[in-house]
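Here's the letter readout for the chains.
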2 protein chains.
Amino acid sequence: MKVVVDGMGGDNAPYAIVEGAVQAQKEYGIEIVITGPEDLIQKELDKYDYDKSKISILHASEVIGTNEHPAMAIRRKKDSSINKALNLVKNGEADAIISAGSTGAFLTGATLIIGRIKGVLRPALAPIMPGKNGPFMLIDCGANVDCKPKNLEQFALMGKAYFETVMQVNNPSVGLINIGSEEEKGNELTKEAHKLLKEAPINFAGNVEPRDIPLGNVNVLVCDGFVGNTVLKTIEGVAGNIFSVLKEEIYSSFKTKIGGMLLKSVFSKFKKDYDYKEYGGAGFLGVKSICVKAHGSSDAKALKNAIRQAKVFYDNRVIETITEYIENSIADNDENIKAE
Amino acid sequence: MKVVVDGMGGDNAPYAIVEGAVQAQKEYGIEIVITGPEDLIQKELDKYDYDKSKISILHASEVIGTNEHPAMAIRRKKDSSINKALNLVKNGEADAIISAGSTGAFLTGATLIIGRIKGVLRPALAPIMPGKNGPFMLIDCGANVDCKPKNLEQFALMGKAYFETVMQVNNPSVGLINIGSEEEKGNELTKEAHKLLKEAPINFAGNVEPRDIPLGNVNVLVCDGFVGNTVLKTIEGVAGNIFSVLKEEIYSSFKTKIGGMLLKSVFSKFKKDYDYKEYGGAGFLGVKSICVKAHGSSDAKALKNAIRQAKVFYDNRVIETITEYIENSIADNDENIKAE
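Basis of the calculations
Numbers given to residues run from 1 along each chain, matching the order in which its sequence is written. Just so you know, chain letters begin at A and ligand numbers begin at 1, following the order they were written in. Per-residue local features are limited, in this predicted model, to residues with pLDDT of at least 70; the limit for side-chain atom pairs, both in listing and counting, is 80 or more; totals at the level of whole chains, interfaces and linings are taken over all residues. Just so you know, side-chain values use all the structure's heavy atoms and leave hydrogens and water out. UniProt positions are given in the numbering used here, feature names are shortened, and annotations may be inferred rather than shown by experiment. Only DSSP runs of H or I with at least four residues qualify as helices, and only runs of E with at least two residues qualify as strands; both kinds are numbered from the N terminus onward. Any pair of residues with heavy atoms lying within 4.5 Å of one another is described as a contacting pair. In this analysis, axes come from line fits to C-alpha atoms, helices being fitted only over the stretch in contact, and the angle between any two N-to-C directions falls in the range 0 to 180 degrees. Every angle not falling under 35 degrees, over 145, or within 65 to 115 is termed oblique; those three ranges are roughly parallel, roughly antiparallel and roughly perpendicular. Crossings are classed by handedness, with left-handed meaning an anticlockwise turn of the near helix from the far one by less than a right angle and right-handed meaning a clockwise turn. Asp, Glu, Lys and Arg are counted as charged, while Ala, Val, Leu, Ile, Met, Phe, Trp, Tyr, Cys and Pro are counted as nonpolar; the rest, among them Gly, fall into the polar class. Lining residues are those with an atom within 4 Å of a point, where the points come from a 1 Å grid over the protein atoms alone and group into cavities, where a 1.4 Å probe fits but cannot get out, or pockets, open sets with protein on both sides within 12 Å along at least five of seven lines. Grid points are joined across faces, edges and corners, and a volume is the space filled by probe spheres set on the points. Distance thresholds for patches are 9 Å for like charges and 5 Å for nonpolar side chains (Val, Leu, Ile, Met, Phe, Trp, Tyr), applied to residues having over 30% relative accessible area and no salt bridge. In short, Shrake-Rupley with a 1.4 Å probe defines the accessible areas, and a residue's cover is counted only from the protein chains shown. The salt bridge definition used is simple: a Lys or Arg side-chain nitrogen within 4 Å of an Asp or Glu carboxyl oxygen. Domain ranges listed in this record stem from an automatic or a database domain assignment. Here the quantity called buried area is the accessible surface, traced with a 1.4 Å probe, that two parts lose on coming together, added over both. Throughout this description, a polar contact denotes any pair of N or O atoms lying within 3.5 Å of each other; where both atoms belong to protein, one of them has to be capable of donating a hydrogen while the other can accept it, and for residues adjacent in sequence the pair is counted only when both atoms sit in side chains.

Taking an unreviewed UniProt entry as the reference, chain A is identified by name as Phosphate acyltransferase belonging to Clostridium collagenovorans DSM 3089. Taken directly from UniProt, the Pathway (unreviewed entry) text for chain A runs: "Lipid metabolism; phospholipid metabolism." What UniProt states about chain A under its Catalytic activity (unreviewed entry) heading is, verbatim, "a fatty acyl-[ACP] + phosphate = an acyl phosphate + holo-[ACP]".

Engineer: Explain the environment of Ala310 of chain B residue by residue, including any values.
Structural biologist: Relative to the helices and strands, Ala310 of chain B resides in helix α11 (residues 300-315). In contact with Ala310 of chain B, other than residues within four places in its own chain, are Met1, Ala96, Ile98, Ile290 and Val292 of chain B.

Engineer: Which residues make up the packing of helix α6 (residues 149-165) of chain A against helix α7 (residues 188-199) of chain A, and what are the values?
Structural biologist: Residue and element names in this part refer to chain A. The N-to-C vectors of α6 and α7 enclose an angle of 50 degrees; their axes lie 8 Å apart at closest approach. Considering their axes alone, α6 and α7 lie oblique with respect to each other. With respect to the hand of their crossing, α6 and α7 are arranged in right-handed fashion. Where α6 approaches α7, its residues Pro149, Lys150, Leu152, Glu153 and Ala156 are matched on the opposing element by Leu189, Glu192, Ala193, Leu196 and Leu197. For the contact of α6 with α7, the class distribution of residues is seven nonpolar, no polar and three charged.

Engineer: Could you give an account of empty space enclosed by the protein, with specific residues and numbers?
Structural biologist: If you walk through the whole model with that rule in mind, you get three cavities of 30 Å³ or more. In this structure, the largest cavity encloses a volume near 70 Å³. Lining the largest cavity are Asp6, Met8, Gly9, Val63, Ile64, Ser81, Ile82, Ser99, Gly101, Ser102, Ala105 and Phe106 of chain A. Residue assignment for the lining of the largest cavity shows that the elements contributing at least two residues are α4 (81-90) and α5 (103-114) of chain A. Of the pockets and cavities examined, the second largest cavity occupies roughly 60 Å³. Of all the secondary-structure elements, those providing two or more residues to the lining of the second largest cavity are α4 (81-90) and α5 (103-114) of chain B. Broken down by class, the residue content of the lining of the second largest cavity amounts to six nonpolar, five polar and one charged.

Engineer: If you had to explain a nonpolar patch on the surface to someone new, which residues and values would you point to?
Structural biologist: Nonpolar side chains collect at one region of the surface, where Phe254, Ile258 and Met261 of chain A lie side by side and expose about 350 Å² of accessible area between them. In this structure, Met261 of chain A sits in helix α9 (residues 254-262).

Engineer: Tell me what's going on with the domain arrangement of chain A, and back it up with residues and numbers.
Structural biologist: Residue and element names in this part refer to chain A. Taken domain by domain, chain A comprises domain 1 (1-120 + 286-340) and domain 2 (145-276). When each unit is reduced to the centre of its C-alpha atoms, the spacing between domain 1 and domain 2 is 25 Å. Roughly 1,400 Å² is buried in total at the junction of domain 1 and domain 2, and carbon and sulfur atoms are behind 61% of that figure. Here domain 1 and domain 2 share four residue pairs in polar contact (both at pLDDT 80 or more) between them. Listing elements by their share of the side of domain 1 that touches domain 2, those giving two or more residues are α11 (300-315) and α12 (318-339). When residues of the side of domain 1 that touches domain 2 are assigned to their parent elements, the largest contribution, seven residues, is made by α12. Of the residues belonging to the side of domain 1 that touches domain 2, the class tally is seven nonpolar, ten polar and no charged.

This is how it looks when you write it as structure tokens:
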């Protein structure tokens, strides 16, 4: 397997990206290409003892920042590290791409350059999150801020394909994020989506209220990208806030400091549970190749995990399963239209 | 001041409702009417030593459950505890209404029976939440699941009116919940709403990312009801989950139990911070009278606090301020239309 990594994407690029790539190459034995200014990437690589036959550099002179207009930047900056990486995948010279850079540029670029799987209306960003009773997928998390019910149905099928293959869960449950458990609750989008999901070839768990999201009782949670991104960032914000206030309070007196020391194991378990770094990146599902978006603030460990995720993605033939499910769903629709 | 309380609304009705009403009467000296089956409410009242000249019962034979269709139930069950309470306010015989019952029935009933303030397109549910750096308002939290940009502008004006009067904050800041801090980020609704809010007579703080919501750096956070309800319930879910796992972990060994004991003060402060009961109910802003929605699981203390909130609402003339702001906004629009 050959993976291409956007060497200039993310807050800690290129040093953390290169370090993570070197670690991943050693642990998983895969081939890695890193895109970016050759001298800069080589200087980082020189810090490590690495296998020169397995890690190479693809020179790219430009960088796309997080504040640039995604579509415009992708079209104009042909020699950017992300563009070069996407084209490598498009030309069949790499099996997967990982980037911790601008989410907008990555998703737009992946859709424009690599292209969608036939029949997929909108690819979706799908991170795996830690839940109390197990990990769960949140799909879509920001690729599509305005959705139609049909998009949500496809997110359900793609999420199912991923959970079955990568997470090895047989017949995973799929829920619809909604502000009420009853079928008739919600806004126009969720009411219509509920009807489609009920008829779809999935193990539909019905509506899931946001209060129950952190439990992780349902494997795949479907929503539009605005809601998904809001849920994701609210979870991050609340958890971060609780831990930061807790820390301040613990340091406030001798007694509480001792208490904090005795509970150290508990807190580190917690931090791990709420640490995105443990979970790698978010898959961008519905495009023709494997795309993994690593968190913007990824360190070397997070990047290494994102590469591991791309490998699991590859080994479990997720793209093929998504293609099959979407094809079947379209065939079913055609059958229904004929039958009507 | 005279307050009417829906005696049959909420998971703990009527006992917690009656107990909270008795406590509130004693503490705040106001008059209270409780609606519900006379014998049932009287039986609860008889448990306490209360001022019979200040607390009375308005008989209502029916109850609206949380699973009933709100509009239909309000129309059909004319003798329900919530209908009787709303009509008392409508007829000018009470200054405020509090209910812990079905949110849908309460909001629908308040809009239909009490009616909207002239010019208000959609009343909105607006709880005050605990933030790290101060309390903040989330408006709308579920009354309007599909919104237009103009609705969000009015939510901003109503939120400002409330924060200025009840929370006594001069020129409160108003932010738009959005999945990106830049102006051009978001979905169709938030992009258009951003433009309106920039021009509105408010102290506009721009977009607020969901990650920053728990900080409480912005006083009033505006969003559509689907997003607001999702944020509210995600916060509840994450906080609840963290505390429940923390408790389990602390009880898992002797060492951690001691640690937990030493940190008892820290945890109880936390629980208080994330305890909706401390903050009373959510105001339903934009209707002609004071409506406070208490949490469905309210105990006596939560209900007492919701009544206190109605009193503060009344003492600070929130309805009059909202009316003024909405009138001015409509006059400004007319000016603009003339000028064009």
